[in-house]
Amino acid sequence: MKLLKLFPLLPFFITTSYAAPDWQVEEAVLRYTVELESRPTTSSAGYFIQLPDGGILSGAAPLTTVKTDQGQDVPSYLFFHNTQSGFSLVFADPGKKVDRVHVYVQPTTSPNLWTPESEITPSAVLAVRPGRASQASAQSLGKLGSVEPEVHIQNEAGISKAPLSIGGDLSGRPRPASFYLLAHVEAPATGEYWIAPVTVDGETSVSVNGDRLSLKERGKGWGSRGDSVELEKGTNLIEIFQTAEGKGPYSSHNKQGGLVIMAWKPPKEKLPKGHLVRTIDSSEILRSGSASLVSVDAKDGAPVAAAEIVPQRSFWIGEEEPLITYGLTAYHEGQPEGTTYTWTLTDDAQVNAEETHWVFPGFTENEITLTAQAGDQTSTATYSIFAYSTTGTDLNFSNHREDYRIALTTMLESFGENSAPVLSWSDAWWNNIIRTIEGDEGFELLIQLFTHHEKVARRKLEPEQIQMLQNLLLDQLQQRDPTKTLEWVKTFLDSASGSERDALRLREGELKMIYFDQKEEAAEIFKSISEKPGEFTDLATIRLGDHALLSGDLNLATSRYAEVQNRARKRRNSLKLSADSVDASRGALQEVSLSENVQRLIYEEFYMEARRSLQDWELEFPLSKVSGDFIIQEATLYSEIEDWKRAQVMLAAYCREIDASSFLPKAAEMLIESASNLDEPPSSLREIIESVRDRLKFHPAAAELDSYLSSLDQKNP
């Protein structure tokens, strides 16, 4: 399986309860409560935050008033606003002792925009207008204020190798686009600077402290095109206006990548020989503090449909369609008691939940609507997202697999029976179901799939994939509810034929033998399959051996196991002729290897692979059930997935029938553990443990067995 590169996991939003102060601004209709996180690099850089709209501001730009809990006024200024992206805001540093502020909003046509004359010197703010690549478009972004819905904002200065730069549209949208980057930098000295915007691609214009650079050549090489500018030591404003022409991803247009990198040569600073400039250092860029939204509430007490929409993981393997999982959370703090939330998503599917998950095809525009309702009051907000995430996936990690399963389960629950949206899924959706279900994972997803979408699944998946998913469902269900498992087996049998039918019939026999004590009915099923040539002849014969072992006939069990093991040995010998002694030695090594492989898989929690390895083992060396540690490893697996009944039944038979074995003490210990986890331990348990104790009376384990028997006496005096 080809795996994706692992990226850091984006944190999901967590809120804490708090007591909101009384409404502090009479004219305001909404209040956003914000927690302060990382401090600004200098107090003048203030705090930057992007706050949601989606329609809750009724289309008007916000006039903001920021207050601390104690009522202290905090100067604030608007950068950009549109209904889809919300509004970006910078506010002054209220001091180290303040950990949250309240942003009061009143709709207006005259918002208080940030200007260079404001006392706050934020950095860095990147605005992107996709779909248009012109200097006029970039320059218009520099006017701030209300912008089109497609414009989006990030607090982003650049990357480690180019601290002040524009690399492309961080939302993942393709070319073309126009960009505006506002940053404040700290000049290390007063004097003449050679400032060079190194354009990698597109067209660049730069203003420093409001004056546009007049670019000219000075020498040759990197950074030779620039302008001389007199700067005062300390804070200076740099604005970059950039275009990106063409179509497609930014990485496809040049090998270096990126659009523009800002470099300079400070006065009297010595650079390495041949270097005209250096990149503006990260430490020279002012950084605004970060903040996160905690709640949104309305003055009139009505519900507010404010949402946090977070891209989580990218599931993109090979040439398949990329799929992006998203976490969707309604801001519930401060909402009226009893507020309910409804998400309207793909194909008008609806989810009633405060928090949910969804999957979107990568690089597509999508709409998400949140409705909050309390009594007869309703608030609705609609958000547009471009499905994209830089957080990759490593399918070796269970939490990565879980992200996809949780989101897809929600989708299957939301769509109708065998619905068209599910039928339209490409191979990527179905292949990732196969990839992300492992052993005891994905039960809810499988139940949804086979209960409501089985017809579609059978059209989209290969028969062997359907059988694998059926087996996973049955494996997980039998430890939860054997009765329902048997019902599902009979349902699957209605449409099964050939080897699939034999596999399901074997499963039916195992359920009846292990969970329902219907041994004779089970034996008839095993016998009918064992008497005809086929894929499951040997396994059915082994199950007849299991039946004999459970029925107390060790000789017959051994005979059945030996019959299959002899056939397996003949198959091996037909592939590679050897002397009996060599074959026996090789077989013993292979048996040990199979045991060790099962142990490793169980330890690493690859339970599905462990089951397969157990079956390979018993088909090659079924006598290991009575002469080796097969029963121990099998019971270990079922104990790990808490299928105590399955573990207990075979352990009890082993402890009862095997007179002497180095594995007997361990089997007895595990039998006690599994029986203790059952609601009703078998009545024969005392007799079995007493029998084992008598056989091991000179073994250290005898004391532990006596202790267990004494505990039974205390429970049942």
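Residues numbered from 1 in each chain as written. Predicted model: local features only at pLDDT ≥ 70, side-chain atom pairs only at ≥ 80, totals over all residues. Heavy atoms only, no water.

Turning our eyes to something else, we now look at helix 9 (residues 498–514). Under the 1.5 Å per step criterion, the end-to-end length of helix 9 is 25 Å for 17 residues, consistent within 8% with the ideal 24 Å. For helix 9, a buried count of 12 out of 17 residues is recorded, marking the element as mostly surrounded by other parts of the structure. For helix 9, the set of buried residues is E500, D502, L504, L506, R507, E508, G509, E510, L511, K512, M513 and I514. Residues of helix 9 that are buried sit in contact with helix 6 (454–460), helix 7 (463–480), helix 8 (482–493), helix 10 (519–530), helix 11 (537–550) and helix 17 (644–657). (Helix = DSSP H or I, 4+ residues; strand = E, 2+ residues; numbered from the N terminus. Expected span 1.5 Å × (residues − 1). Buried < 20%, exposed > 50% of the residue type's maximum accessible area, 1.4 Å probe, protein only. Contact = heavy atoms within 4.5 Å.)

Time to look at the nonpolar core. Y32, W430 and L469 are the most contacted members of the largest nonpolar core, which has 172 residues in total. Broken down by element, the residue count for this core peaks at 8 residues, all from helix 17. Judged by nonpolar contacts, the second largest core, of 29 residues, contains A157, I166, V208 and V229. (Core = buried A, V, L, I, M, F, W, Y, C linked by side-chain atoms within 4.5 Å.)

So, on to the pattern of salt bridges. Throughout the structure, instances matching the rule amount to 41 salt bridges. Its salt-bridge partner being K216, residue D227 comes within 2.5 Å of it at the nearest N-O pair. Residue D227 is found in strand 17 (residues 225–231), and its partner K216 is found in strand 16 (residues 216–217); the two are separated by 11 residues along the sequence. Assessed through its relative accessible area of 10%, D227 is described here as buried. (Salt bridge = Lys/Arg side-chain N within 4 Å of Asp/Glu carboxyl O.)

Reading across the sheet, the 4 strands line up as 25-24-27-28 and stay open at both edges, with antiparallel pairing between neighbours. The open sheet has two edge strands with one neighbour each: strand 25 (350–352) and strand 28 (377–386). Across the sheet, the mean angle from the axis of one strand to that of its neighbour is 20°, orientation sign disregarded. (Pairing = 2+ DSSP bridges. Axes fitted to C-alpha atoms, helices over the stretch in contact; angles between N-to-C directions.)

A few words on the packing of aromatic side chains. One pass over the structure, following the stated rule, counts 19 aromatic pairs. The interplanar angle of 45° and the centroid separation of 4.9 Å between the aromatic rings of Y193 and W264 together place this pair among those described as tilted. Here the residue Y193 occupies a position in strand 13 (residues 191–199), and W264 occupies one in strand 19 (residues 260–265), the gap between them amounting to 71 residues. The same class applies to Y193 as to W264, namely buried. When the ring of W425 is compared with that of W429, the centres are 4.8 Å apart and the planes differ by 5°; the resulting orientation is stacked. Neither W425 nor W429 differs from the other in exposure class; each is buried. Of the aromatic side chains, those joined through ring pairs into one cluster are W316, F363, F386 and Y388. Taking the ring centre of W194 as reference, the NZ or CZ of R218 above it sits at 4.1 Å. In this structure, R480 is placed above the aromatic ring of F443, and the distance from its NZ or CZ to the ring centre is 4.0 Å. (Phe/Tyr/Trp six-rings, centres within 6.5 Å; stacked < 30°, edge-to-face > 60°. Lys NZ or Arg CZ within 6 Å of the ring centre and 35° of its normal.)

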